[in-house]
Amino acid sequence: MMKKIVLAAAVLLGCCGMAKAPEKEITVYLIGDSTCATKSESARPETGWGEKLGQHFRKGVKVDNRALNGRSTKSFRDQGHWDKILGTLRPGDFVFIQFGHNDQKESDPKRYSDPETFGSNLKRYIEETRAKGAVPVLLTSIARRKFDAKGKPAQTLRRYTSVTRQVAEQTATPLIDMDAKTRALLEEMGPEASKSIYLWAKKSDYPNLKADKKDDTHLNPDGAERYASMVVDGIREQQIEPLIENLKKK
């Protein structure tokens, strides 16, 4: 009789999914600037690509977007935002690191980092992430919608994207080269069509806007989705496990 009870309990536990403890959820933290950050409703249609990344994963991966408008590798740390992430970072989590746009602002000492310091800042984020047993991933900045006289996308962040690539190689950190990917798309679309993915918006279409927008740095929802899809492509290209197995099928 006792054997039958034990067997029945085992069957019940198995049917209910209780025979094995569930694996922990993986958190992907995003740290970076306004091109990635979550926007307030008053800023719409501006959209950060980080807002669109979570929908590409199945249950088991949570995207925690900590990117913030106007931050650099320097100010994100100095203002305490990084410490808050370190306090919750667990082994097996990921930190996607994308800075550059604000590091290059020489007129603002609270944000500015010369390329050498920028590289040192990236390395420090990488080291501290690994010390927690988590996995760092570097991303170069997305390109600004700016074209040269020949109609080619200009490399306005060249010094910083180059350093990001160098740090990735020096530290054996996975790199998703968003600069190269987004410039390739801009070249394909051209100066006029590419307005459709950046923040070109009329006040008449968005009552919350105070004026028409002609913004070649930030994205609209379509642009954010296309650029988030590029990040997903980069995850597959870099063979970043176990994130790949948790991606939804195309």
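Residues numbered from 1 in each chain as written. Predicted model: local features only at pLDDT ≥ 70, side-chain atom pairs only at ≥ 80, totals over all residues. Heavy atoms only, no water.

Caption draft 1: Region of interest: the overall build of the protein. Of the regular secondary structure elements, the protein holds 7 helices and 7 strands. Written out in order from the N terminus, the α and β elements of the protein read α-β-β-α-α-β-α-β-α-β-α-β-β-α. With the C-alpha coordinates aligned to their principal axes, the bounding extent of the protein is approximately 85 × 40 × 30 Å. Counting all 250 residues of the protein, 47% fall into the buried class. Partitioning the intrachain contacts of the protein with sequence separation of at least 6 by distance along the chain shows that 74% fall at a separation of at least 24. (Helix = DSSP H or I, 4+ residues; strand = E, 2+ residues; numbered from the N terminus. Buried < 20%, exposed > 50% of the residue type's maximum accessible area, 1.4 Å probe, protein only. Contact = heavy atoms within 4.5 Å.)

Caption draft 2: Structural view of unusual backbone geometry. Look at the link from Arg 44 to Pro 45: it is a cis peptide, with omega at 15°. A cis amide bond links Glu 241 with the next residue in sequence, Pro 242, at an omega value of 0°. Looking at the secondary structure, you find Pro 242 in the segment after α7 (221-237). For Ala 172, which is not glycine, the phi torsion reads 55° and is therefore positive. Even without being glycine, Gln 239 reaches a positive phi, approximately 55°. The residue Gln 239 is located in the segment after α7 in this model. Classification of Gln 239 by relative accessible area gives exposed; the value is 54%.

Caption draft 3: Just the nonpolar core, in detail. Membership of the largest hydrophobic core comes to 35 residues, with the highest contact counts inside it found for Trp 49, Phe 96, Tyr 227, Val 231, Ile 235 and Leu 243. Every element with two or more residues in this core is listed here: β1 (26-32), β3 (94-98), β4 (135-139), α6 (178-193) and α7. When residues in this core are grouped by element, the largest group, 6 residues, is from α7. Of all hydrophobic cores here, the second largest spans 21 residues; its members include Tyr 29, Ile 97, Phe 99 and Tyr 125. (Core = buried A, V, L, I, M, F, W, Y, C linked by side-chain atoms within 4.5 Å.)

Caption draft 4: Inspection of the environment of Ala 149 at higher detail. Turning to its location among the elements, Ala 149 is positioned in the loop between β4 and α5 (158-171). Distance from Ala 149 to Lys 132, taken between C-alpha atoms, is 47 Å for residues 17 residues apart in sequence.

Caption draft 5: Molecular detail of the pattern of salt bridges. As enumerated under the stated definition, the model contains 17 salt bridges in all. With its nearest N and O atoms 3.4 Å apart, the salt bridge here joins Asp 93 to Lys 24. One end of the pair, Asp 93, is in the loop between α3 (81-86) and β3; the other, Lys 24, is in the loop between α1 (2-15) and β1, and 69 residues separate them in sequence. With a relative accessible area of 0%, Asp 93 lands in the buried category. Across the pair Lys 195 and Glu 192 runs a salt bridge, and its minimum N-O distance is 3.2 Å. Judged by relative accessible area, Lys 195 falls into the partly exposed class, the value being 22%. Here the residues in one salt-bridge network are Arg 165, Asp 177, Asp 179 and Arg 183, joined through shared partners. (Salt bridge = Lys/Arg side-chain N within 4 Å of Asp/Glu carboxyl O.)

Caption draft 6: Local environment of the packing of aromatic side chains. Inspection of every chain in the model, using the stated rule, returns 5 aromatic pairs. Arranged with centres 5.1 Å apart and planes meeting at 80°, the rings of Phe 118 and Tyr 160 form a pair that is edge-to-face. Of this pair, Phe 118 sits in helix α4 (residues 115-131) while Tyr 160 sits in helix α5, placing them 42 residues apart in sequence. Neither Phe 118 nor Tyr 160 differs from the other in exposure class; each is buried. Here the aromatic cluster, defined as three or more aromatic residues joined through ring pairs, consists of Phe 76, Trp 82, Phe 99 and Tyr 125. (Phe/Tyr/Trp six-rings, centres within 6.5 Å; stacked < 30°, edge-to-face > 60°.)

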